[in-house]
Amino acid sequence: PRIIPIVVFNPNATGFTTPKWNNLACSPKGRIHGDFEYTESEDSITIKWYSGSQDNLVIPDFINGKPVTTIGEGAFDGAQSHPITLLLPPTLTTIKCGALGKFTGLSGELIIPRSVQSIEAGALPESDQFRIVFEGDAPQLGEWALSNTGITYNSGSEGFTTPEWNGYPCFPRD
């Protein structure tokens, strides 16, 4: 396995830049909730790191009473194994660059909640073992944000085109 170095610093430290510092991944140390490390703003939570090994992974919708709205850049690079199923929270709005890109063992469907508005570059894994299902309208996409799997969307969702959307095969859900 490839080891990706990351610089983690105390939030009060000065001189560090995120998401990169001296060409290394860099992030402030977060708080811990189970196998998740997170940062907290006034009104939301960002998952910064996951170090667990669950086969059926559920990302929490709320931590400390605040909605989990973002999965941070490379947040799941520390997973000790790759889940087979992944449930994203209905509070999620943003999936950052490479957030879930290492999860190559997913199968079945990966449901993207209707709340998701942005999926950044390389955010989702490349695999032909699962398909992506959008519950809501088409989000903004970064370059190569999705895998080459089939994409489906709920009827009534806006912004998708058939038979292709942003270079990906795309069809309404049955």
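Before reading on, note that the structure itself is shown above.
Throughout what follows, the structure given in this document is the object of discussion. Note that this is a predicted model, so its numbers are computed, not measured.

Along the chain, Ala75 turns up in the loop between strand S9 (66-71) and strand S10 (85-87). Taking the C-alpha atoms as reference, Ala75 lies 9.4 Å from Tyr38; in sequence the two are 37 residues apart. Setting aside residues no more than four positions away along its own chain, Ala75 makes contact with Ile47, Lys48, Trp49, Tyr50 and Ala99.

Now for the packing of aromatic side chains. Taken as a whole and assessed by the stated rule, the structure comprises eight aromatic pairs. When the ring of Phe36 is compared with that of Tyr50, the centres are 5.1 Å apart and the planes differ by 45°; the resulting orientation is tilted. With Phe36 in strand S5 (residues 36-40) and Tyr50 in strand S6 (residues 45-50), the pair connects residues that are 14 residues apart, well separated along the chain. No difference in accessibility class separates Phe36 from Tyr50, as the two residues are buried. A network of ring pairs unites the aromatic residues Phe134, Tyr153, Phe160 and Trp165 as a single cluster.

What follows concerns the side chain of Thr152. Turning to its location among the elements, Thr152 is positioned in strand S16 (residues 151-153). On the basis of relative accessibility, which here comes to 7%, the residue Thr152 falls in the buried class. If we ignore the near neighbours within four places in the chain, the residues touching Thr152 are Arg131, Ile132, Val133, Phe134, Phe171 and Arg173.

So, about the sheet that holds strand S18 (residues 168-172). Spatially, the five strands line up as an open sheet ordered S12-S14-S16-S18-S17, and their pairing is mixed. The strands lining the two open edges of the sheet, one partner per strand, are strand S12 (108-112) and strand S17 (164-165). Bridge count for S16 against S18 is three bridges, and the pairing is parallel. Directly across from Ile151, in S18, lies its bridge partner Cys170.

Membership of the largest hydrophobic core comes to 38 residues, with the highest contact counts inside it found for Phe76, Leu88, Leu100, Ile119, Leu124, Phe134 and Leu146. Listing elements by their share of this core, those giving two or more residues are S5, S6, S9, S12, strand S14 (130-134), S16 and S18.

So, on to the pairing of S14. Among the five residues of S14, four are classified as buried, and the element is accordingly described as predominantly covered. Alignment of S12 against S14, held across five bridges, turns out to be parallel. When the bridges of S14 are listed, Gly108 appears paired with Phe130. Pairing geometry for S14 and S16, over three bridges, is parallel. Directly across from Phe134, in S16, lies its bridge partner Tyr153.

Rules behind the numbers
Residues numbered from 1 in each chain as written. Predicted model: local features only at pLDDT ≥ 70, side-chain atom pairs only at ≥ 80, totals over all residues. Heavy atoms only, no water. Helix = DSSP H or I, 4+ residues; strand = E, 2+ residues; numbered from the N terminus. Contact = heavy atoms within 4.5 Å. Phe/Tyr/Trp six-rings, centres within 6.5 Å; stacked < 30°, edge-to-face > 60°. Buried < 20%, exposed > 50% of the residue type's maximum accessible area, 1.4 Å probe, protein only. Pairing = 2+ DSSP bridges. Core = buried A, V, L, I, M, F, W, Y, C linked by side-chain atoms within 4.5 Å.

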